[in-house]
Amino acid sequence: MLRFLGNRLLQSAVVLLGVSAIVFFCLFLAGDPAALMMSPDASRAEIDAFRKAMGFDDPVLIQYLRYLGKALTGDFGLSLRFQRPVLELVLERLPATALLAVAALAWSTTLGFVFGVLAAIKPGGLVDFMVRTVALAGQAVPVFWLGLVLILFFAMKWRLLPTGGYGEARHLILPALTLGAYYTSAVTRLVRASLIDVMGEDYIRTARAKGLSPGRVIIGHALRNALIPVLTVQAMYFAALLGGALVTEIIFAWPGIGRLAVQAIQNRDFPLVQAVVLLASTVFVLANLMVDIAYVLLNPRIRL
Amino acid sequence: MTPELRRSFAGIDGWVGAILLIAVLLLAVLGPQLWALDPIKGVLTATFKPPGTIVSGQWHPLGTDQLGRDLLVRIMAGTQLSLGIVVIAGLISALIGTGLGLLAGYAGGWTDIVIMRLVDIQLSIPFILLVLLVIAVLGPSIANVVIVLGVTGWAIFARVARARTLEVRELDYVEAARALGASRLRIVLRYILPNIITPQIVLLTLDLPRLIVLEASIGFLGLGVQPPVPTLGNLIGEGRSYLLVADWLVIYPGLVIAALVIGFNFLGDGLIRLTQVRVD
């Protein structure tokens with residue numbers, strides 16, 4: 001177990017190092033990062049002064065190592081627009097995004113499990129068909145489109161909920177619905193597929209032969225073993241969740257990291273963008289690491 | 001193709017997928033020829049007309065936008081451009097990924113380790129943020145969007161290609177070719193590549209929905225191809241400002257995106273059953 005843990009930690013560190021390099025060198029794609037960061041009407045002298053102040057005259061490798069060293073101590077530089085430490089800005093917005101993500105995950109995982117189980121009781125039946133149709137629709141429509149349609153009906157036409165904002169429970173409902181829809185479909189399909197898979201096993205036939213009701217068989221015997229594949233694939237959907245949060249926050253004026261990132265890109269505030277990409281990747285890598293560990297703990301067949 | 005396999009491909013979803021895709025392709029390819037209105041220049045006396053309105057003898061089945069442009073022709077042009085962008089980007093991804101996967105699987109050793117770490121890195125960066133960052137640096141032209149989407153999507157192709165290469169390289173006929181003195185390049189291109197190409201095509205079909213939604217998201221955020229040139233995403237992004245007065249501007253382009261996503265997913269599922277390949 002310790003060796004596995006050590007290996008996985010090392011692997012995660014290498015990945016994050018690579019991510020930091022990509023994020024750093026992206027700025028050099030267009031040639032001069034100083035000209036990139038300054039407004040288009042800045043004078044030659046202003047750009048030169050800025051380049052000097054930022055240290056863009058030094059060899060690129062030195063610059064990268066300097067960036068990396070600072071990043072490791074939590075210093076991601078100053079936001080060009082807000083003139084404040086980037087990390088501060090990101091941490092300020094973190095609770096809003098976390099709240100949205102947790103709300104979306106909570107309702108969608110619950111509903112996904114219920115739908116998945118209902119569908120798997122009788123594959124090919126009417127309930128199964130209906131669940132699959134809903135799941136398909138949930139995965140097919142883009143997040144931002146769903147958000148706009150929900151706003152159109154619930155906020156504009158029926159005036160039941162606000163179009164956007166932050167602070168009260170009613171503000172959370174539409175964004176969480178929007179962000180969780182894709183995920184609900186994903187969980188539904190996974191739970192259904194892995195349950196149907198497990199239902200073919202011998203011990204399920206034994207449980208049935210004992211005369212247990214289908215509900216007891218599924219909840220008491222099958223579901224536990226169907227959980228493992230669901231868990232592993234969930235980590236992969238985390239990236240989709242981040243992308244979804246980006247557009248969801250824009251649509252609902254939700255003051256989270258996604259909105260911060262898009263605004264930073266629109267403002268050409270590159271230190272801020274770099275930090276957001278790097279931090280989002282870190283969260284993603286850590287989530288994957290935890291899922292891998294949970295996978296080992298949950299599955300006694302994997303011996304280390 | 002045995003009758004049994006043919007039936008399973010032509011199951012209900014196979015047909016739905018095929019019909020959806022053909023309908024959208026006709027809309028994108030033939031549409032602008034048959035429905036020859038100008039997608040860029042509008043008629044300022046015909047703004048925000050709801051679907052089905054006739055303005056001075058011109059029928060607008062899907063209505064008009066804030067500049068009096070016909071929404072149907074804008075959707076046709078937008079679908080054409082968006083579809084073109086994602087298909088070319090997908091092909092670039094598949095090409096890079098297959099090449100690197102072959103290399104990793106056949107060469108092994110350090111080459112393999114380095115390439116697979118690159119795959120991990122690629123898969124750990126939230127795609128959309130990386131894409132937005134690069135487009136912000138390079139500027140939002142059509143070519144840049146294609147290149148960025150193409151270059152950032154190769155990782156899964158590499159992973160699948162490598163796994164298949166590892167299986168195929170141990171087969172007897174590859175061994176035989178090696179014994180006959182075939183060069184490494186010849187073995188890879190002539191004996192291994194043909195055997196891994198089918199899963200890669202299936203994978204491409206299943207990856208297109210992701211690219212379609214990604215391209216649309218970039219357009220929606222206003223960071224992709226710039227208006228007045230229409231794409232499925234920037235149509236919705238523009239229509240968003242007029243949601244209350246002209247909801248059709250948002251609703252119809254979204255339905256086209258959904259049709260494309262469902263179409264490619266069904267087609268991919270059908271292809272998996274047909275070819276019996278594994279794509280994990």
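Presented here is a report on the structure given in the accompanying data block. (Residues numbered from 1 in each chain as written. Chains lettered and ligands numbered in written order. Predicted model: local features only at pLDDT ≥ 70, side-chain atom pairs only at ≥ 80, totals over all residues.)

## So, the overall build of chain B
In step 1: Regarding its fold elements, chain B presents 12 helices and 2 strands.
In step 2: For chain B, the α and β elements follow one another from N to C terminus as α-α-α-β-β-α-α-α-α-α-α-α-α-α.
In step 3: When its C-alpha atoms are laid out on the principal axes, chain B stretches across 75 × 50 × 25 Å.
In step 4: Split into buried and exposed, the 280 residues of chain B put 48% on the buried side.
In step 5: Relative to all contacts within chain B whose residues are 6 or more apart in sequence, the contacts with residues 24 or more apart total 71%. (Helix = DSSP H or I, 4+ residues; strand = E, 2+ residues; numbered from the N terminus. Buried ≥ 20, exposed ≤ 12 C-beta atoms within 10 Å, placed from the backbone. Contact = placed C-beta atoms within 7 Å.)

## Remarks on the overall build of chain A
In step 1: Scanning chain A from N- to C-terminus turns up 12 helices and 0 strands.
In step 2: When the helices and strands of chain A are listed from N to C terminus, the series reads α-α-α-α-α-α-α-α-α-α-α-α.
In step 3: Taking the principal axes of the C-alpha coordinates as reference, chain A spans close to 85 × 60 × 30 Å.
In step 4: Burial status across chain A gives 37% buried among its 304 residues.

## Concerning the interface of chain B and chain A
In step 1: Taken residue by residue, the interface counts 34 residues in chain B and 38 residues in chain A.
In step 2: The set of elements that each furnish at least two residues to the side of chain B that touches chain A consists of helix 5 (109-124), helix 6 (127-138), helix 10 (184-220) and helix 12 (248-275) of chain B.
In step 3: Sorting elements by how many residues they give to the side of chain B that touches chain A places helix 6 of chain B first, with 10 residues.
In step 4: Residues belonging to the side of chain B that touches chain A are distributed by class as follows: 27 nonpolar, 3 polar and 4 charged. (Nonpolar A, V, L, I, M, F, W, Y, C, P; charged D, E, K, R; others polar.)

## Comments concerning the packing of helix 4 (residues 71-107) of chain B against helix 11 (residues 232-239) of chain B
Residues and elements named next belong to chain B.
In step 1: Relative to each other, helix 4 and helix 11 sit at 135°, their axes nearing to 7 Å. What the angle tells us is that helix 4 and helix 11 run oblique. Residues R74, I75, G78, T79 and S82 of helix 4 touch helix 11, and the partners they reach there are L232, G233 and L235.
In step 2: Among the residues making up the contact of helix 4 with helix 11, the classes are represented as 3 nonpolar, 4 polar and 1 charged. (Axes fitted to C-alpha atoms, helices over the stretch in contact; angles between N-to-C directions. Parallel < 35°, antiparallel > 145°, perpendicular 65-115°, else oblique.)

## Comments concerning helix 9 (residues 202-209) of chain A
In step 1: Little of helix 9 of chain A is tucked away, with 0 of its 8 residues classed as buried.
In step 2: Phi turns positive, to about 95°, at G211 of chain A, one or two residues after helix 9 of chain A.

## Brief notes about helix 9 (residues 172-179) of chain B
In step 1: Judged by how many residues are buried, helix 9 of chain B sits mostly at the surface: 0 of 8 residues are covered.
In step 2: Backbone geometry just downstream of helix 9 of chain B places G181 of chain B in the positive-phi region, at approximately 90°.

## Overview of the nonpolar core
Across soluble globular proteins, nonpolar side chains have a tendency to be buried as a group.
In step 1: Ranked by internal contacts, the top residues of the largest apolar core, which has 157 residues, are A261, V276 and V277 of chain A together with V131, L132 and L133 of chain B.
In step 2: For this core, the leading source of residues is helix 4 of chain B, giving 16 residues.
In step 3: In contact with V276 of chain A, not counting residues within four places along its chain, are V90, I257, L260, A261 and A264 of chain A together with L129 of chain B. (Core = buried A, V, L, I, M, F, W, Y, C linked by C-beta atoms within 7 Å.)

## Comments concerning the packing of helix 6 of chain B against helix 7 (residues 142-152) of chain B
Residues and elements named next belong to chain B.
In step 1: Packing of helix 6 against helix 7 brings their axes to within 10 Å, and their N-to-C directions diverge by 145°. Once helix 6 is placed against helix 7, the crossing between them reads as right-handed. Contact with helix 6, carried on its side by F127, L130, V131, V134, I135 and L138, involves N144, V145, V148, L149 and T152 of helix 7 and no other residues of that element.
In step 2: Its residues placed into classes, the contact of helix 6 with helix 7 shows 9 nonpolar, 2 polar and no charged. (Left-handed = near helix turned anticlockwise from the far one by under 90°.)

## Quick look at unusual backbone geometry
Peptide bonds are mostly trans, and most non-glycine residues show a negative phi.
In step 1: Note that the residue after P227 of chain B, namely P228 of chain B, is joined by a cis bond; omega there is 10°.
In step 2: Secondary-structure assignment places P228 of chain B in the loop between helix 10 and helix 11.
In step 3: You will see that Q83 of chain A, though not glycine, has its phi angle at about 55°, which is positive.
In step 4: Within the fold, Q83 of chain A resides in the loop between helix 4 (60-72) and helix 5 (86-121).
In step 5: Backbone geometry places A253 of chain A, a non-glycine residue, at a positive phi of 50°.

## Focus: the environment of S281 of chain A
In step 1: Tracing the sequence through the fold places S281 of chain A in helix 12 (residues 270-298).
In step 2: Judged by C-beta crowding, with 25 C-beta atoms within 10 Å, S281 of chain A ranks as buried.
In step 3: The spacing of S281 of chain A and V15 of chain A is 266 residues in sequence and 9.3 Å in space, taken between C-alpha atoms.
In step 4: In contact with S281 of chain A, not counting residues within four places along its chain, are L16 and V19 of chain A together with S124, I125 and P126 of chain B.

## Section: the environment of Q11 of chain A
In step 1: Looking at the element boundaries, Q11 of chain A is found in helix 1 (residues 2-26).
In step 2: Between the alpha carbons of Q11 of chain A and L105 of chain A there is a distance of 27 Å; along the sequence they are 94 residues apart.

This is a description of form; function is not addressed.
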